[in-house]
Structure formats: C-alpha cells, structure tokens
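# Structural overview
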Amino acid sequence: MKRSTQASSRVPSLRRTLLLGILLPLFGFVLINTVVLYRQALAAADTAYDRTLLATAKSLGEQLEVVGDGAQAVVRSSLLYSALEAFEADNRSRIFYRVSGFKGEMVSGFEDLPAPRTQLPDQKIYAALVHFYDDEYRGAPVRMAVLLQPVAGVAGQGMTTIQVAETLELRQTLARQILIDTLWRQAALVVVIVLVVVFVVQRATRPVRALSHALAHRSENDLSPLPTLSAPRELLPLLEAANQHMQRLSQLLEHQKRFVRDTSHQLRTPLAVLKTQVQSARRGDVPPQQALDEIGHTVERATELANQMLALAKVEQLREDKDAPVIDWAEVVRSVALDLAPLIAEQELDFSLDVVPARVRSHEWALRELGRNLLHNAIKNTPPGSRLAVAMVKDAQAVALSIRDSGPGISATLRERLFQPFATDHGARPSGAGSGLGLAICHGIVQSLGGSLELDNRVEHGVVHGLDATVRLPLVTAERQTPS
C-alpha cells in the first residue's frame, strides 16, 4: 500500500496537467506582452515628447542672427536659458541645449553637451533636418534632438547645429503609468481566465474523480459493469474496455469457483470409496487380490475424473488464446485412432477411418482431447462386433469430422442438458457410470475454436440405430494463415 501511494504521488494528476498546460502559457504570454507593452509605451512617450524637443530646437533657431561680414560672419544667440522653462513639463525633467555656429564653434548653451553624431539620417516623420536618439549626459540618460537650422542675414548665411537634450524621468513616468494602467486590466482578465479554467477543469474531471471514487469503494468481488450512460464521450473507450476486462475476469472467477465446487464435490465420492476399501482391506474383509483390484479401479476412476476436470479448466484458456498454431487435423485424428486401437480391437468393431488433410488453427492437445473424448464415447457405446466409422469432409470454408457409432443414441432427458458438466444418462447408455465431463470438454473446445458440435440420433423406421457426432471447424486458407 505504501509503495502504491508513493508511485501514485509521482504520477502527475490530470487536473494539474490541464491547469499547468493552460495557465503557464497564459502567464508566459502576459509576461511577454508586458515587456512589449512597456517598450511600446516608451516609444509612444518618445514620439510625444520628441515634438516638444523639436519645438524647443526651432525656438532656439528663431533667436539666432548673423553678425559680421564675409568670412568674419558669425552666429549670435540672444536666448536666455530661463526662456526654456516654458518647454519643461515639470520639475522631474531638465532640458539642456547647445548651439554650434557655421564652423562648429560654440555659440550658446552647455559646452560639455556631447557633440552630435556625424551623419544625420533622412527623416520621414518631420520635414525639418532633425534627428532624435538616446544618449548620456552628466551620468544620466537623455533624449537628444539635433536640428540643422539655416541662418541668413545681411552679413551672410550658413547652417547651424542646434542640440536639445532632455532627461528621461517624465518619459519613464508616463510609460510606467501606461503600463500600470494596462496591467491592472490584464491582471483582472487573467484572474477571470484562471477562475474560468479552474471551474472548467474541475467540472471536466469530475467524472474521472467519480469513477475513481466508485472503484475505490467497490468490494473486491464486485465485477459488475461500470455505468456508461452519463460518462463523457472521451471516457467511453476506457469504460468499455474496463467493462470487457471485468467481464472476462468475472467469467474467469466464476469458472474457478465452479471448478473448485465441482472438484470438491466429485472427488469426495471416489476418495471416500477409496478410504472405505483401504479400511476393508486392512481388516481382511475381502481377499487381498480383490481388495487391490477394487482399489485400483477406484484410483483409475479418480485419476480419469481429475484429468478430465483439469482438461475442462484448461479449455477456458483457449478462449483467451488468439495466437494458436496451424496444424493438420487429419494427422491428429489418425494419432488418436491409433492410441485407441486396443479398445477397438477388444470390442471387435468394424472400424473405418477416412480423413483428408485439413489445416485448422488450434493447439494439438485441444484437438487430441476433442477426438479422444468423442471416439472413446463412441467405442464404449458401440456394441461388440458393430460398425464404427470416422470420416472427414471439407469444403472451401470449413471441415467436418463425423463419428458414427451403432449405440443406443441420446435420450430426450439427456439432450436437455447435453453439454453441461457431469450430465449423465443413467440407464440409457452403457457409459452412464462415467463422469459426464467428456461432452462438456468437447463443447468447450469446439466453441473456443469457432466451430460447432452436433449430436444426432440416426433413426431408421422409428428405431435408433446409432449416434452421429459431427464437429465443424473453420479451415485456414492461404489468405488467412499468418506466418509463424
């Protein structure tokens, strides 16, 4: 029990597998979406605040003028830094600028502001020659805007470079605010999805839990079929297979019970007789030779009964065996007839054997047991000197073995329980003292092989002249034969 509990604890449950299989990809998607969303929020904030940087740079350009003549012309700016406070959104971010003249000389602003990149790409969003990029200034990340501003005057004209840098606190704050607002909605959606998934998984696995509970609380001898009417469609193959398996187990258990019951009942009589005979021999009630003969006869009957009961139990294995070999039935019939030849000679029977090659799928011991029981019964019930014929005919699909004796046939009373174990016909046939297992064994073997067994009285002018036992088995053709 402890080992079973440990093994079951290592096996993942269906409910956990479904929950993890659905929720883990969901959480992974939310995580990836969060990163992408944050980057998109930053990009949106850059797009919005880059317009402010461009406006600031253009305002700086409007305050420039050309002073001097010819080669001595230089750019001058009349802008005060305090004028940039109007472009600062709040106190969380700062703006720095630098204006460079025609030759790159410092005009105004912060001299230590990093120089612009050498090549400015073409812009598709803004018509002006402006470039935005991320940089670092005084140990802090900034957003840089570089504007090429033409400046013209009476004294001269040229291209100036205007740089405007802004720290990223406001942009990052805006991006985080957008992210948080979105995450709240996503978190609410995830919670709803989790609740729905848990509810659906619980409801979907309820039949499995109910089935497990029902099986756990069944008695060990309860092999009744599991209910399938209210089961989900996906569980039906499992339930049907389980019911078929339990049906086979039920039949096997019933057979074992019947075997134990019949064995204890049938062997009790010969054992009791044997005990009485041994006690009688010890007391000297009968001569020693007579006592030994009686004991030997009783042992012989008990041995025959035990062998037949074991054969009857072994027949049940044939029903589950789907991999029997292919053999020639005619050879088995010849071998059985040879084994019983002394009995035939003792009865001085007019015996004939006419068989044809017939390949059937079966174990040799089953066909031998079938032929021995039928032929032995026919020999015992055929009067001395009478005729006993064994013939075999076949067609394209099946082969039939017919054993025709000259005995008294089967009475109407026996026919009602012909193939039941221990069914005997006392007084009607000479074999009435038998165990009554022979025909039950034959019938079980024939059924397991997919054939049929018929016992018919041979009647002429209202008089029974014998019994015809006919066994039909399917032939194994070249198409149906599987390679061994």
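Since the model is a prediction, treat every value here as computed from it, not as a measurement. (Residues numbered from 1 in each chain as written. Predicted model: local features only at pLDDT ≥ 70, side-chain atom pairs only at ≥ 80, totals over all residues. Heavy atoms only, no water.)

### Quick notes on the confidence of the model for the protein chain
Of all residues in the protein chain, 79% attain a pLDDT of 70 or more, and the chain-wide mean is 78. Low pLDDT, under 50, characterises residues 1-5; the stretch is placed with zero contacts to residues that sit more than four places away or in other chains. (pLDDT = per-residue confidence, 0-100. Contact = heavy atoms within 4.5 Å.)

### A word on the side chain of T34
Assignment of secondary structure puts T34 in helix α2 (residues 14-62). A relative accessible area of 16% means that T34 is categorised as buried. Excluding residues that lie within four positions of it along the chain, T34 makes contacts with L179, L183 and Q186. (Helix = DSSP H or I, 4+ residues; strand = E, 2+ residues; numbered from the N terminus. Buried < 20%, exposed > 50% of the residue type's maximum accessible area, 1.4 Å probe, protein only.)

### Topic: the nonpolar core
Ranked by internal contacts, the top residues of the largest apolar core, which has 42 residues, are W329, L374, L375 and M392. Of all the secondary-structure elements, those providing two or more residues to this core are α7 (329-339), α9 (364-381), β11 (387-394), β12 (398-404), α11 (438-448), β13 (452-460) and β14 (463-474). Beyond its immediate stretch of four places on either side in the chain, L375 contacts V336, A337, L340, F351, L388, V390 and I403. By size, the runner-up hydrophobic cluster in this structure holds 26 residues, among which are L54, Y97, V142 and A165. (Core = buried A, V, L, I, M, F, W, Y, C linked by side-chain atoms within 4.5 Å.)

### A closer look at a nonpolar patch on the surface
A cluster of nonpolar side chains, contributed by V192, V196, F199 and V200, occupies part of the molecular surface with about 370 Å² of accessible area. Its location among the elements puts V200 in helix α3 (residues 169-204). Residue V200 is classed as partly exposed on the basis of its relative accessible area, which comes to 46%. (Patch = residues over 30% accessible without salt bridge, like charges linked within 9 Å, V, L, I, M, F, W, Y side chains within 5 Å. Areas by Shrake-Rupley, 256 points an atom, 1.4 Å probe, with all protein chains shown as cover. Salt bridge = Lys/Arg side-chain N within 4 Å of Asp/Glu carboxyl O.)

### Comments concerning the sheet that holds strand β5 (residues 130-137)
Backbone hydrogen bonds are what pair the strands of a sheet, in a parallel or an antiparallel way. Sheet architecture is open: five strands sit in the order β4-β3-β7-β6-β5, paired in antiparallel fashion. Unpaired on one side and paired on the other, β4 (106-109) and β5 mark the two borders of the sheet. Sheet twist, expressed as the mean angle between neighbouring strand axes with direction ignored, is 25 degrees. Of the pairings in the sheet, the one linking strand β6 (residues 140-152) to strand β7 (residues 157-167) comprises eleven bridges and is antiparallel in character. Bridging from a neighbouring strand, R143 pairs with E166 of β7. (Pairing = 2+ DSSP bridges. Axes fitted to C-alpha atoms, helices over the stretch in contact; angles between N-to-C directions.)

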